[in-house]
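Listed here are the chains, written in short residue letters.
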Amino acid sequence: MTIAKTEEFWNHRLNGEDPTSPTGENNTAWSATGSGANEVNKYWVVTDARYNVTPTTNEYTIFTVIEYTGVPDNDEVLLSLDNGSKKVEVKAFGQKVKLVGASTVTSDDLDISMAEDNPVPLSLRLTLDASGNAHLYLREIIEDDDAQTAYLSVAGATGSSRNVAWGNNTGTVKWASVYMTDMGAFSPLELAPSDLATDTLLRMGLSIVENLRNSRRAHLKTHLDAGSIRYGYDISQEMLSRSIPPFIHVLLRGLGSPTFAALGGGRIDQEYDVLIYVTTRGTTYEDAYRLGLNILGECFDELYTTTGLNGTTDSLYEYQLELQSRLDDEVTICTHLLTLTYMRRLNMRHR
């Protein structure tokens, strides 16, 4: 997993306005072909128009939320990525979509017309990397309830020239938002539609998890596998009771901005508290205590030496350690807590 860096962002952002005249800073316009489109109730409604840009890089991500009010013809191209070497397209197919490259895969029924009871809006995220590997994420889902891959994948077909395009020439499609970046092929865990979500959960939460998973230190690489180091989406007692120690949970807490670093809030200094819980079990409580402290110590050493190293834009400047002693004869599991406080300077003009 390669989480987007602070200088990697959506450099094309539309939320229902004219694609040839987008609003906001660091936001590039699209070129239009056809005129069958207009804004209706905060959606860009297209009946016969396409929009494209010509990137200078080789890896792209495009994200959109759409709804049909008139179903396009089968094999109508909705999204297209071409890096000059490989090309991939998303095509309409009734209430399904096709991902077309060197081969074709078809989604399940997606209710793109929102006709069912309690309909769920459809988001599509299409990525193409420099090697020509393409993924299509439906509603930002990576795995289903059975931990099976839920996105579609193909190898790209032979490309022609660099181009990113979207739109439709048949049917009526409501394009709620269209975001694109030519700075990488990013999954939902690497670049979120929301800048705030990327700056917090991804760049601070999941990046800490990845740092610990990639550590070469003794306990982190021998006592814990990748599944034992995870973000604490669910730390309920029921979930913890199903986990086998040792394990590590990373959480974010205490996000805030004590100061704006530029007039008008163009840049801000943002503080984060990152909580790292290390849970262990041993033959005796002393064994569990010492093992947990060794693991927690390696977490601190790893993060102290690999994160927060730039004093002007990304700094680790405070930590607290809470060690759990045994107070109840029934307690057999030890949980230590390390809290790290970071300050990061962020550019707020990518929204």
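Computed from a predicted structure; not experimentally measured.

Moving on, we come to the overall build of the protein chain. Regarding its fold elements, the protein chain presents four helices and 20 strands. Each of the three principal axes of the protein chain carries a C-alpha extent, and together these read 70 × 50 × 40 Å. Buried positions account for 47% of the 351 residues belonging to the protein chain. Contacts in the protein chain between residues far apart in sequence, at least 24 positions, make up 64% of those at least 6 positions apart.

You can see D48 is positioned in strand β3 (residues 43-53). Distance in space between the C-alpha atoms of D48 and N26 is 28 Å, their sequence separation being 22 residues. Ignoring anything within four residues of it in the chain, the contact list for D48 reads G34, S35, G36, N168 and N169. Reaching out from D48, the side chain makes a polar contact with the side chain of N169 at a distance of 2.7 Å.

Looking now at the packing of helix α1 (residues 195-213) against helix α4 (residues 285-306). Direction vectors running N to C along α1 and α4 enclose 110°, while the axes themselves pass 10 Å from each other. Between α1 and α4, the crossing angle belongs to the class labelled roughly perpendicular. Crossing angle aside, the handedness with which α1 passes α4 is right-handed. Contacts between α1 and α4 pair I208, N211 and L212 from the former with C299, E302, L303 and T306 from the latter. For the contact of α1 with α4, a count of residues per class yields four nonpolar, two polar and one charged.

The end-to-end C-alpha separation of α4 is 31 Å, in line with the 32 Å expected for 22 residues at 1.5 Å each. For α4, the set of buried residues is Y285, A288, L291, G292, I295, L296, E298, C299, E302 and L303. Seen from one end, α4 has its buried residues packed into an arc of 155°, which puts them on one side. Relative to its buried face, α4 has exposed residues pointing more than 90 degrees away, namely E286 and Y304. After α4 finishes, the residue G308 shows a positive phi value of roughly 60°.

Note the cis peptide between P245 and P246, where omega equals 5°. With respect to the element layout, P246 can be found in the loop between α3 (237-241) and β16 (247-260). Phi at N26 is positive, roughly 50°, even though this residue is not glycine. Counting through the fold element by element, N26 comes out in the loop between β1 (12-14) and β2 (31-40). In this structure, N118 is a non-glycine residue whose phi angle is positive, near 50°. In this structure, N118 sits in the loop between β8 (104-106) and β9 (122-128).

Burial analysis of strand β13 (residues 162-168) places five of its seven residues in the buried class, which makes it a mostly covered element. Bridge count between β3 and β13: five bridges; the pairing is antiparallel. Bridge assignment links V53 to a residue of β13, and that residue is V164. Relative to β13, strand β5 (residues 77-83) runs antiparallel, the two sharing five bridges. Following the sheet pairing, N83 is matched in β13 by R162.

Calculation notes
Residues numbered from 1 in each chain as written. Predicted model: local features only at pLDDT ≥ 70, side-chain atom pairs only at ≥ 80, totals over all residues. Heavy atoms only, no water. Helix = DSSP H or I, 4+ residues; strand = E, 2+ residues; numbered from the N terminus. Buried < 20%, exposed > 50% of the residue type's maximum accessible area, 1.4 Å probe, protein only. Contact = heavy atoms within 4.5 Å. Polar contact = N/O pair within 3.5 Å; in protein donor to acceptor, adjacent residues only side chain to side chain. Axes fitted to C-alpha atoms, helices over the stretch in contact; angles between N-to-C directions. Parallel < 35°, antiparallel > 145°, perpendicular 65-115°, else oblique. Left-handed = near helix turned anticlockwise from the far one by under 90°. Nonpolar A, V, L, I, M, F, W, Y, C, P; charged D, E, K, R; others polar. Expected span 1.5 Å × (residues − 1). Arc of directions from axis to C-beta. Pairing = 2+ DSSP bridges.

Nothing here speaks to function; it is all geometry.
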